[in-house]
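Spelled out from the first residue to the last, the chains are:
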Amino acid sequence: MAIYEIFSHPLLQRHKTPVVSKATLLMIAILALTFISPLLVVYRSYGFWLREATYREQPTVHFKKQFIMIVDLQNSDRPAVYSTFQQYNHLLQSQLRIPIVKVIEDDTDRDGKFDNMTLNIEMPMTGTDNVVGIKLLLFFEYKLKRFSAFTMESLGYIEYSSPLPGSSLHHYGDLRLRQKELLGHKGSDRRYNKTLVDATSPYAGTYSLSEIFKTYTRRNVTTTLADSYNVWTSGRAPGSPFTISSMIYYPEEVVYYTPGFWYLIKWGWVQYASVLLLFLYIFNKVKVFVFQHQVVTTVVEMPGMKAKAS
């Protein structure tokens, strides 16, 4: 007659020992190695405490309708200028040209945040003016709010020059975030939410591009126009204006920030637990070998049998 296994269950074997014994000391050592070794392994692999983290966010960007424009003219050391700062215009009144400015900010995905800006500037020129270069400094309000509420006044800068006199410049680019330090994970951060140009200042140095950039680059968080493409068109008709057309996009950003306490605990536990499982398995095999082979003396008890020392 064939025989088959109809039921099985594990046999529990107990090992007992006095409090002060070699077996007790060995068990303490195994437990210490089991739980401390993963901590050392994770720490030495530079993965236990997460020093920085990232998240993606679409910033809230708004063009402040403020800019400084300098148009370089061929064979002249006096460029044509215009800005939205009246004191600057007054200081350079002899070089001032009043342009026609059109600005459209568009929310293409209807999420309540602008996705791009179209800027068109037509600066009047005389028949003898030959434009060979353009400098355009734009001022934006820039906000992040997913973790810390970060707000700042930021800049976008367009510069182009050509050996050939031109009639227009078409510019395309992205306004990108630049970080020299991590942002916080909570609270309000408004340290850079102050004007870069004092509009009431009567001094020309206040409006100098070099001075503005000197102040701006001291900041640890800024914006810049990246992935820019410029198309220069030569051959301006006499009496026609010089035209600047710029399409600037506000893309989603990867923001670097300092994680909070609970995020650190969660990340540390994931790292520790993944290594701990391996050490639990290894040292459990060690304990089974030690006590089954009586490497240290213990009292062995089995169900239905009297305790015996071995």
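Summary of the structure given here. (Residues numbered from 1 in each chain as written. Predicted model: local features only at pLDDT ≥ 70, side-chain atom pairs only at ≥ 80, totals over all residues. Heavy atoms only, no water.)

## Details of the overall build of the protein chain
In terms of helices and strands, the protein chain carries four helices and 14 strands. Principal-axis analysis of the C-alpha atoms places the extent of the protein chain at approximately 115 × 55 × 35 Å. Considering only intrachain contacts with a sequence separation of at least 6, the fraction spanning at least 24 residues in the protein chain is 75%. On the protein chain, roughly 18,600 Å² of surface is accessible, and the fraction owed to carbon and sulfur atoms is 59%. Both charge centroids of the protein chain, one from 33 positive and one from 25 negative side chains, sit 14 Å from each other. (Helix = DSSP H or I, 4+ residues; strand = E, 2+ residues; numbered from the N terminus. Contact = heavy atoms within 4.5 Å. Areas by Shrake-Rupley, 256 points an atom, 1.4 Å probe, with all protein chains shown as cover. Lys, Arg positive; Asp, Glu negative; His and termini not counted. Charge placed at Lys NZ, Arg CZ, Asp CG, Glu CD.)

## Quick look at the pattern of salt bridges
Considering all chains together, one arrives at eight salt bridges under this definition. Where E301 meets K16, a salt bridge forms, and the shortest distance between an N and an O atom there is 3.3 Å. Here K16 lies in strand β1 (residues 14-16) and E301 lies in strand β13 (residues 299-301), a separation of 285 residues in the sequence. Notably, a salt bridge pairs E153 with K64, separated by 2.5 Å at the nearest N-O pair. With E153 in strand β8 (residues 149-179) and K64 in strand β3 (residues 60-73), the pair connects residues that are 89 residues apart, well separated along the chain. Judged by its relative accessible area of 33%, K64 is partly exposed. (Salt bridge = Lys/Arg side-chain N within 4 Å of Asp/Glu carboxyl O. Buried < 20%, exposed > 50% of the residue type's maximum accessible area, 1.4 Å probe, protein only.)

## Thoughts on the packing of helix α1 (residues 22-44) against helix α4 (residues 261-292)
Direction vectors running N to C along α1 and α4 enclose 155°, while the axes themselves pass 8 Å from each other. When the interaxial angle is binned, α1 and α4 end up roughly antiparallel. Here α1 and α4 pass one another in a crossing that is right-handed. Residues A23, L26, M27, I30, L33, T34, F35, S37, P38, L39, V41 and V42 of α1 pack against Q271, Y272, V275, L276, F279, L280, F283, V286, K287, V290 and F291 of α4. Residue composition of the contact of α1 with α4, by class: 19 nonpolar, three polar and one charged. (Axes fitted to C-alpha atoms, helices over the stretch in contact; angles between N-to-C directions. Parallel < 35°, antiparallel > 145°, perpendicular 65-115°, else oblique. Left-handed = near helix turned anticlockwise from the far one by under 90°. Nonpolar A, V, L, I, M, F, W, Y, C, P; charged D, E, K, R; others polar.)

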